Each structure stands twice: as structure tokens, then as C-alpha cells.
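Fold and geometry: a report
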Amino acid sequence: MNDLEHRTQKTKKTKAAAATTTTTTQADKQIMTTRENVASRLSKLMLNNSNSNTNNGSSTAQAATTTSKTTTASTTAASMVSMVQSPQSPGEQSELNQLKRDADPQFSRFADYFVICGLDLDTGLEPDRFAGDNLHCSPLDRAYKSKPLAHYPEHVTWNPFDAHGICMLSLPQGLRFRTQKHNIEPKFHSFATTREDGKRCYGFSLVFYEEIRNRNICGAIHTLQSMFITELSNGQQTHSLSRVKDGPVSRSLPRHFKVAGQAPQSAQSYYDISKDKLFVAKSISLICQAPYAFAAQLFLKNLYRCLPRQPGAGISLESYVYNILYEVMLPQPGKSIRVYLPPMEPHLAAIALILQRPSLSTELPLLDFPLRLLFSYLGVECVIQLLTCVLLESQVLLRSTDYQRLMIVGECITSLLFPFIWPHVYAPILPAALHHFLDAPVPFVMGLHAECEAAHKIGSEAALCFVDIDKKHIQLPEELPIFPHKMDFMAEIISVLDKFEIERDRAQEPNLKNGYGMRGGADAMISSCTLPNGLQAARRSKERFQQLQETVYTLGGPGGSPGQLPGVDYQPLVAHPSKIDHVPRIADFLRRKGGMRAAQASGSPVGSPTMSLSSSPVGIYHDVDAVDATLPPSRMGSLSRRSVKQKLSAVDQYYQDLRINNSLREIFLNRFAHMFHAYEYFVIYPNQAKDEWLSNRETLQNFDKSSFLSDQPEHHRAFLARFLESQMFATLIDNKILAMWEPQPDEQLQLFDQRIKLLRRRHGENMICATSYEPCVLSQDAQQGFEKRLNCIDIEVTPPSEILSNRAAYFRSFPLLEKGVLNQECASSCPH
């Protein structure tokens, strides 16, 4: 939260500080090298332990599950699979623990803290002064002050515990009371904070309600309600809920409240101490360095379910928490790790989940939040408009009744900026205590809950982008330029969404013909997609064959015979309803062609049904069904009757969401690569030393903007002219110049430049301006590394085991945990 106060004092010209933070010191590189060496030793020890246990016959079954199923050599696959088993000797156990300690836990631990927030019975009820004057509300509608009841461990050196900030974000609505008439189902949400050193920290919170059995608290709420009703009767308060004018009057409620059938909210706001049960909010949270949102959500939800409410089988809550704090490690770049999370019921076995981390040099950074939900919430056009506002560094305000939706939209839209990084205020969940930051005259991305008063007062500023997520509505700033190739860009995104059958609102999507939007506007298509003859289609490369699987050939020759080559039009499957009749025949043809190519590559008989299926053991991902999957549900025709989409489990849906993320993000990166494929020709490199350039660069021109714009299509210049003035673009150019002096340039810049080189290789080194729209052709290649990590697990963490000698049989509420076993990393290595 201190970061928000700090950023409000900045201007858009503070590029020097931004670039200075990107430089890598020699000490940092030595730390990275040491960490990599330790990780290598750790993997070797794990592999040796696994091999030793396998030879002894104790882990044959587990070793078989992690064997690579790809076509690589068996020895290569075996070298990539390592498992954490109980070492055979105390010496090996000691070495393993020592390696874990040497592996720099700041970068290797999954979670830094486990936190419990709620009502402190010692201090009692305290009004939340940050929530504003809420005395005009019923006591059940007011926010009270919550406190961190416990956090484990007590202190982490690299991440000091921020009690106020974490509690404020874990329970962003403050401490709330409910009765059995309310919806008291647990709700999960994520949040992000920016520390004073500029690093982003992630939190994951599960908010649930527990019954209050303390008579003093129940009596206090009853007294506050009596006082509130008396003031209403005397006309001293204006109730926030509407009063009854006509209709029946409930005898059990004050006359100012409507009966439950007519106004449920009014009835819910009344607490009858003699009849109602009183519940209070509590949260359990994980504070992490890396945003593995699904794993954190699964852990917290199932940990709450594993709370023993009656005697039975299972292990203690401390054992699960210890495992996630000290035994679960983050995967290294380009690696994967299998972890075990709490089950849905205490007596069940732990749930296995694969965590993977993309390679830094060839893949996009980690995004664990599903882009599928972003497009489901907002729709394609709204996402493009929101992205345009963020790229032009407008003030962006998100609004929703669901905190997790705010976080998903904020994280997803900022991840689509790659290779650019949002450098301004970022608070996807803005607590009530910080609402005054909305008045700051700086760019920001903030999120407000729909129930807060500030969300209803904002929305008329000319420079503000206001997004109501629940209503799928966006209010754009004045004079917002159009994103280059907007309609074609939308068409390409829609094709991927249709391929994965992502449900969304299609009302605002453009009508597609020949793969391009036909809604008009300044961004008209420049070139045609009609092929002059069938020979060009026959000579397409391997990646073009994937596009053939997602298209329909409409034959314009005499008789419409498939054997006639001239007059072939290249159209998407959503081209025209009259052409859908040909889809089953074309789908069968493409299946046969795909089976023939697979058979030729592997030496198997042509027509073998297994040749067309993906070898991935995780999820359902059949490349040969790309034609079927590309059709939207409303236009499936006869194909919809041939197959029914199988519902995936939560874990398999998570893996599928990661595939969807890769495909969509590659499209966005491809757009930026085409937009700025010649940017380095316009960079003005300095002729002085690094220190001199750093001290004088505020007065130097680093990029020839006018020459760059003169080479762009005229209808794209309005957007590009404003984007070239952004701090995001200035930071990219600064990093490009700093790469002259750095032995290891910025990783994101390296990846961006690598994609530009591939683009030039296809179109020629001397290409300056691309006037036609070129779709992404690299998404399939980007999936290979991900699938390999799912199939070849590098490390497997030991499942949680009991660490308490005596555990409680059951609890009525979520308890405070044993500090002795959770404050230090000793439980697994100490004798029980």
C-alpha cells in the first residue's frame, strides 16, 4: 500500500529510475549462478534417491507414472524424471535438507506465509474507521475491524509481514456478520501488493463464515440493532433500504423493513437474537512470490474442507500447512514439479497437481489466471478496447461484485501487454481505506467492489476507462484511437476461442467473412484472402496445414467437384451458414489426411486411429478434432450430434486453461511483433559511456518517432503516435540501449527480439512496413514445451505426512495452529 502513495508523486518522465532498476549487478548474477548450481545438485540427489528406491522395489509404480511418453530416447526421458523419496540413510536426508536450505528459499518456496484473519475476541467489536460513516446502515451491513489472528512463520527475512495490508486485502469488505438467511458459502479471491522495493507479491484468500457462540458478541450486535431501530423510529437516521409504502407488514420486523418475500435484503439485515444464528467472517490466506493461483485456490478450499468436524481419518491441518510452506518448491524455469494438495475429504488421498514454469528464453512468462474467463466476462471487442486504454496509459477502473473477477481481469489484461510492462499504480482490489487514490492524477489500474459508494460516484471523467465486469459494459475515454487491424485481430482471437469452445457473449462480435470482420470502420482489410488457384494451397507448409484444419474450402468450379482445383476460396468455418453442409465431408477428409501424415512420420499403418491423437496424458487435446472444435456451438450443424464435449475435471481444466493462455498470448505477441518489427532501426544509440548516458538521457532523444510513424499506414498513426509517448514504450527502448552494455539483456526484450527475427526470416530482412494482416503461426510450437513439462516431471514433492504426535479429534471452527512446528523448517527432519 505504501507503493500507491509513492507512485502518486511520480510523473511520466521518470524513466531514469525505471531503467536503473532493470540493471543487473554482478552480485545478483553470482547469486543466480549459485542458485542454479544448488538446484542442479538438488535434482541430482533427488534422482539418485529415486533410482535407489526404484532398484529396491519401493517406487516402481510411481516411477512408471512419470516416465516420458514422447518419442524421445528412453535414456533422455529417464534423466528428466526425478522424484523426492525418503532417503535411504540419515546422511542423504541431511544432505537433502541442506540443499533445500542452500537453494535460496526466497526464490524456491511456494508460499512465504499462511495467515488467519478474523474477529479478535479479546478486543471485541471495533468499527472499521476506513470504511467511512456506516452508522446509517443496519449493524449486519456494517464493516468492523478485522485483525490477523496468527501467521506462520513469524518472520520471513526477504518478505516482512505487513499485518495491516494483508488483513485489509484478505478481508477487503472488513469484518462482516451474517445470519443463516444470508449466503455464507466460502468465497476465494486473489490479491496483489507492490512492496517498497517495487516487487509484486501475491496473496490468495478464502473467506468463510463461522458461527458465533460468544454471548457478548451476540449481545453487542443485538444492542447495536436496537439502537439503530430506535433512531429510525425517531427519524434520526435515513435507512439505506427502501421503506414500505403499501403492502403487508411483518410483525416480527420493524415497520421500516419490508417482509422477506418482498425485500429479502431488508429481512436479512435484521438479527433476531432469540431465533437467528450469528456468523462472522474469517479468512485463511497464502502469501506467495509467484502467482500460482489455481494451486493456492485448491489448497485453501480443500484445507477448509479437511477441517475435522468429527473424529475420523486424516492428518492434521498443521501437516498440510507445513508441506506447503517448507516442502513444496517452485519449479525452475523450463521445469515442472508434481505437488500434493489437500483432498476434498479428510479421509481421501492427497490431490496431485503439476506446477510448471515456462523457459525464460523461448516462452512467455508465467500466467496462471485463465484468459478464458477474461473473454467470457467481457467479450472480445471489450477486451481489445480495454487493452487499448491500458496501452495508452489511461486511468482504468474495474467494477464487480466479485473480488476474484477484479483480479482475473487485472492480471490478464496486464499480461497481454508483453513485451511491455505496466509501470504505474496497480491495485486490482482497492480497499476502502485507499479510495482517495482514485483522485490521483496518474495512470492506474484499480478495481472496486460494486457495493462501495466510490464505485457509484466514478464514471464521468473524460480520461477514465470504466469497466463494469458484471454488466459487460465499458465506458471509454474521449478520442480513443482504434487499435491497428482491430477487426482482423478480433477475427483471429475469435477463431481460437471457437477452437477451444469457450463460452461467451457473441452479441458484440463482428460477422466474419473470409476470416475478417465486416462491420466497417477505418480499419478495413487491405488484401484479399482469396487464393488464385489450388496449387498454392497444395504447397502450403506444415504450419499452414493447421490452418487448413480450421478452414472450409468452397469450390467454385463447374459441378463443385472436389477434384477441380481452380476457383478455391479460403474461408473460416464460420464463413456462411450455407457452406456448413460440406463440413462433415471436409472434416473426414482432413482426418484421413492427418492420419496419413502421422503414419508417414511414425511408420505406422495409414488409417490407424491412434495416430491422430495427442500423446499427452493430461486432459483431452485431440488435434484431429480441430475442425469440430473450431465450430461455434451455434453453428455446429450435424457435427454437434456426432460428439458431446466431455466435461473436464478441475485439474484437467487448469491444464487446458494454460494451453488456451499460450495460444491467445502468442496472438497478442504476434501483433506487437508485426507492429514494431522494425523498431530497432529507429533506435538512436548513444556514442558515450553508460554512466554518462544514464545521467544525461532525460535530455537525449532515444527513438526517431517521426520517421517511424511516416512508415506506418495512415489509419494506424493515431494509435501509434500516442503509444510512442507512453512510459511503457520508453522503458522498452531504454532496455534496448542498455543491452549494449549488459552481458545478459532483459529477458522479455530478448524474447521479443527473437520473435521479430523469426518474422523477418519469413518476410525478408529488408521488410519495413507490413500493410496486410498476418496471423500468428507460432502458437503450436509454443505448446510443445508446455506439453513436454506435463509429460516429463522433473521433481516430485513428498505428499504431506503427519507431523504432530497428538492431533485434535475435531474442531467447531478453524483453529489457531501449533506455532512450534510451523515457525521453522524442522518438522520433517526431526523424529516424531
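Please refer to the structure placed before this passage.
These numbers come from a predicted model, not from an experiment. All residue numbers refer to positions counted from 1 along the written sequence of the respective chain. The model is predicted, so local features are restricted to residues of pLDDT at least 70 and side-chain atom pairs to those at 80 or more, both for listing and for counting; the totals for chains, interfaces and linings are taken over all residues. Each side-chain value is worked out from all heavy atoms of the structure, with water and hydrogens disregarded.

**With respect to the overall build of the protein chain**
Put simply, DSSP H or I for four residues or longer makes a helix, DSSP E for two residues or longer makes a strand, and each gets a number counted from the N terminus. When helices and strands are tallied, the protein chain shows 29 helices and 18 strands. The buried share of the protein chain, taken over its 832 residues, is 52%. A fraction of 76% describes how many contacts in the protein chain between residues 6 or more apart in sequence connect residues 24 or more apart. Surface accessibility of the protein chain: about 38100 Å² in total, with carbon and sulfur atoms responsible for 51%. Whether a residue is buried, partly exposed or exposed follows from its accessible area with a 1.4 Å probe, protein chains only, as a fraction of its type maximum: under 20%, in between, or over 50%, in that order. Note on definitions: a residue-residue contact is assigned when non-hydrogen atoms from the two residues lie within 4.5 Å. Residue exposure ignores everything except the shown protein chains as possible cover, and the areas themselves are Shrake-Rupley values with a 1.4 Å probe.

**Concerning the pairing of strand β5 (residues 200-211)**
Burial within β5 is extensive, with 10 of its 12 residues counted as buried. At least two bridges found by DSSP between two strands is the condition for calling them paired. Taken together, the 8 bridges between strand β4 (residues 187-194) and β5 define a ladder with antiparallel strand orientation. Looking at β5, one finds that Lys187 is bridged to Val207. Taking the residues that link successive antiparallel strands as the turn, the β4-β5 hairpin has 5 residues, and the phi of Gly198 there is positive, at about 90 degrees.

**Regarding the sheet that holds strand β8 (residues 351-356)**
Strand order across the open sheet formed by 3 strands is β8-β7-β18, with mixed pairing between neighbours. The open sheet is flanked by β8 and β18 (795-796), the only strands paired with a single partner. By the bridge criterion, 2 bridges tie strand β7 (residues 336-341) to β18 in an arrangement that is parallel. Of the residues in β18, the one forming a bridge with Ile337 is Ile795. In this description, a line fitted to the C-alpha atoms serves as the axis of each element, helices being fitted only across the stretch in contact, and the angle between N-to-C directions of two axes falls anywhere from 0 to 180 degrees. In the packing of helix α11 (residues 293-305) onto the sheet, the strands contacted are β7 and β8, and the crossing angle to β8 comes to about 155 degrees.

**Brief notes about helix α26 (residues 727-738)**
Taking 1.5 Å as the rise per residue, α26 with 12 residues should run 16 Å; its terminal C-alpha atoms sit 16 Å apart, in good agreement. Burial within α26 is extensive, with 12 of its 12 residues counted as buried. Where α26 is concerned, the buried positions are Gln727, Met728, Phe729, Ala730, Thr731, Leu732, Ile733, Asp734, Asn735, Lys736, Ile737 and Leu738. How far a helix is expected to stretch is found by multiplying one less than its residue total by 1.5 Å.

**Observations regarding the packing of aromatic side chains**
Between the rings of Phe, Tyr and Trp (Trp by its six-membered ring), a pair exists once the centres lie within 6.5 Å; its type follows the angle of the planes, with under 30 degrees stacked, over 60 edge-to-face, and the other angles tilted. Within this structure, the stated rule accounts for 27 aromatic pairs. Measuring from ring centre to ring centre gives 6.3 Å for Phe110 and Tyr292, while their planes differ by 35 degrees; the resulting arrangement is tilted. Taken together, the residues span a long stretch of sequence, with Phe110 in the loop between α7 (105-108) and β1 (113-118) and Tyr292 in the loop between β6 (278-288) and α11 at a distance of 182 residues. Owing to a relative accessible area of 1%, Phe110 belongs among the buried residues under this scheme. Among the residues examined, Tyr292 registers a relative accessible area of 2% and is labelled buried. Ring geometry for Phe294 and Tyr654: centres 4.5 Å apart, planes at 10 degrees, overall stacked.

**Here's the deal with the side chain of Gln289**
As for its position among the elements, Gln289 is in the loop between β6 and α11. The exposure class of Gln289 is buried, given its relative accessible area of 19%.

**Remarks on the pattern of salt bridges**
As a working rule, side chains carrying opposite charge can pair if their charged atoms are close by. The rule for a salt bridge is simple: a side-chain nitrogen of Lys or Arg has to be within 4 Å of a carboxyl oxygen of Asp or Glu. Per the counting criterion, the structure on display carries 22 salt bridges. As a salt-bridge pair, Lys819 and Glu154 come within 3.6 Å of each other at their nearest N and O atoms. Of this pair, Lys819 sits in helix α29 (residues 819-822) while Glu154 sits in the loop between β2 (147-152) and α8 (163-170), placing them 665 residues apart in sequence. Exposure remark for Lys819: the relative accessible area of 46% places this residue in the partly exposed category. For Arg405, the salt bridge identified is with Asp470, shortest N-O distance 3.3 Å. One end of the pair, Arg405, is in helix α15 (residues 403-415); the other, Asp470, is in the loop between β12 (464-468) and β13 (473-475), with 65 residues separating them in the sequence.

**What about the nonpolar core?**
Within the largest apolar cluster, 171 residues are counted, with the highest numbers of intra-cluster contacts made by Phe110, Phe114 and Phe676. It is helix α22 (residues 650-675) that provides the largest number of residues to this core, a total of 12 residues. When sequence neighbours within four positions are dropped, the list of residues in contact with Phe676 reads Phe420, Phe708, Leu720, Phe723, Leu724, Phe729, Phe752 and Ile756. Residues belong to one nonpolar core when they are buried, are Ala, Val, Leu, Ile, Met, Phe, Trp, Tyr or Cys, and are joined through side-chain atoms within 4.5 Å. Membership of the second largest hydrophobic core comes to 15 residues, among which are Phe437, Val442, Phe444 and Phe466.

**Considering the sheet that holds strand β11 (residues 444-449)**
Sheet strands line up and pair through hydrogen bonds in the backbone, either parallel or antiparallel. One open sheet holds the 5 strands; their spatial order is β10-β11-β9-β12-β13, and the pairing between them is mixed. Because the sheet does not close on itself, it has two edges, and the strands there are β10 (425-427) and β13. Put simply, the sheet's adjacent strands are angled 20 degrees from each other on average, direction ignored. In the packing of α15 onto the sheet, the strands contacted are β9 (395-400), β10 and β11, and the crossing angle to β9 comes to about 145 degrees.

**As for the packing of α22 against helix α27 (residues 747-763)**
With their axes 10 Å apart at the nearest point, α22 and α27 run at an angle of 70 degrees to one another. Classified by the interaxial angle, the pair formed by α22 and α27 is roughly perpendicular. Residues Glu666, Leu669, Phe672, Ala673 and His674 of α22 form the contact with α27, whose participating residues are Phe752, Arg755, Ile756, Leu759, Arg762 and His763. Residues were grouped as follows: Ala, Val, Leu, Ile, Met, Phe, Trp, Tyr, Cys and Pro as nonpolar; Asp, Glu, Lys and Arg as charged; and all remaining residues, including Gly, as polar. Here the contact of α22 with α27 is built from residues that sort into 6 nonpolar, 2 polar and 3 charged. Orientation categories follow fixed angle ranges, with anything under 35 degrees roughly parallel, anything over 145 roughly antiparallel, 65 to 115 roughly perpendicular, and all other angles oblique.

**Considerations on the pairing of β11**
Most of β11 is tucked away: 6 of the 6 residues are buried. Relative to β11, β9 runs parallel, the two being bridged by 6 bridges. Looking at the pairing, Arg399 lines up with Leu448 of β11. As judged from the 3 bridges shared by β10 and β11, these two strands associate in the parallel manner. Across the sheet, Tyr426 pairs through a bridge with Val445, a residue of β11.

**Some details on the environment of Met490**
Tracing the backbone shows Met490 in helix α17 (residues 486-499). Given the relative accessible area of 0%, Met490 is considered buried. Sequence separation between Met490 and Val383 is 107 residues, and the spatial gap between their C-alpha atoms is 9.6 Å.

**Focus on the state of the cysteines**
Counting rule for disulfides: a pair of cysteine sulfur atoms within 2.5 Å. With the rule as written, the count across this model stands at 0 disulfides. Considering cysteine sulfurs only, Cys167 is the nearest to Cys117, which forms no disulfide, with 3.9 Å between them. Cys389 provides the cysteine sulfur closest to Cys465, a residue in no disulfide bond, and the two sulfurs are 3.6 Å apart. Classification of Cys465 as buried rests on a relative accessible area of 0%.

**Considering the environment of Trp422**
Structurally, Trp422 is set in the loop between α15 and β10. Once residues lying within four places of it in the same chain are set aside, the contact partners of Trp422 are Val390, Glu393, Ser394, Thr414, Leu417, Pro443, Phe444, Val445 and Met728. Each polar contact in these results corresponds to two N or O atoms within 3.5 Å; when the atoms are within protein, one needs to be able to donate a hydrogen and the other to accept it, and residues that are neighboring in sequence are counted only if both atoms are side-chain atoms. A polar contact of 3.4 Å, which involves the side chain of Trp422, links it to the backbone oxygen of His424. At 3.1 Å, the side chain of Trp422 and the backbone oxygen of Val425 are in polar contact.

**Digging into the environment of Tyr681**
The topology assignment puts Tyr681 in the loop between α22 and α23 (690-696). Residues Tyr681 and Phe708, 27 residues apart in the sequence, show an inter-C-alpha distance of 8.8 Å.

**Here we look at unusual backbone geometry**
Only a minority of non-glycine residues have a phi that is not negative, and only a minority of peptide bonds are not trans. Of note, the amide linkage connecting Tyr152 to Pro153 takes the cis form, showing an omega dihedral of -10 degrees. In this structure, Pro153 sits in the loop between β2 and α8. With phi around 55 degrees, Lys472 is a residue other than glycine that occupies positive phi space. With respect to the element layout, Lys472 can be found in the loop between β12 and β13. Despite not being glycine, Glu479 shows a phi value in the positive range, around 55 degrees. Mapping Glu479 onto the fold places it in the loop between β13 and α17.

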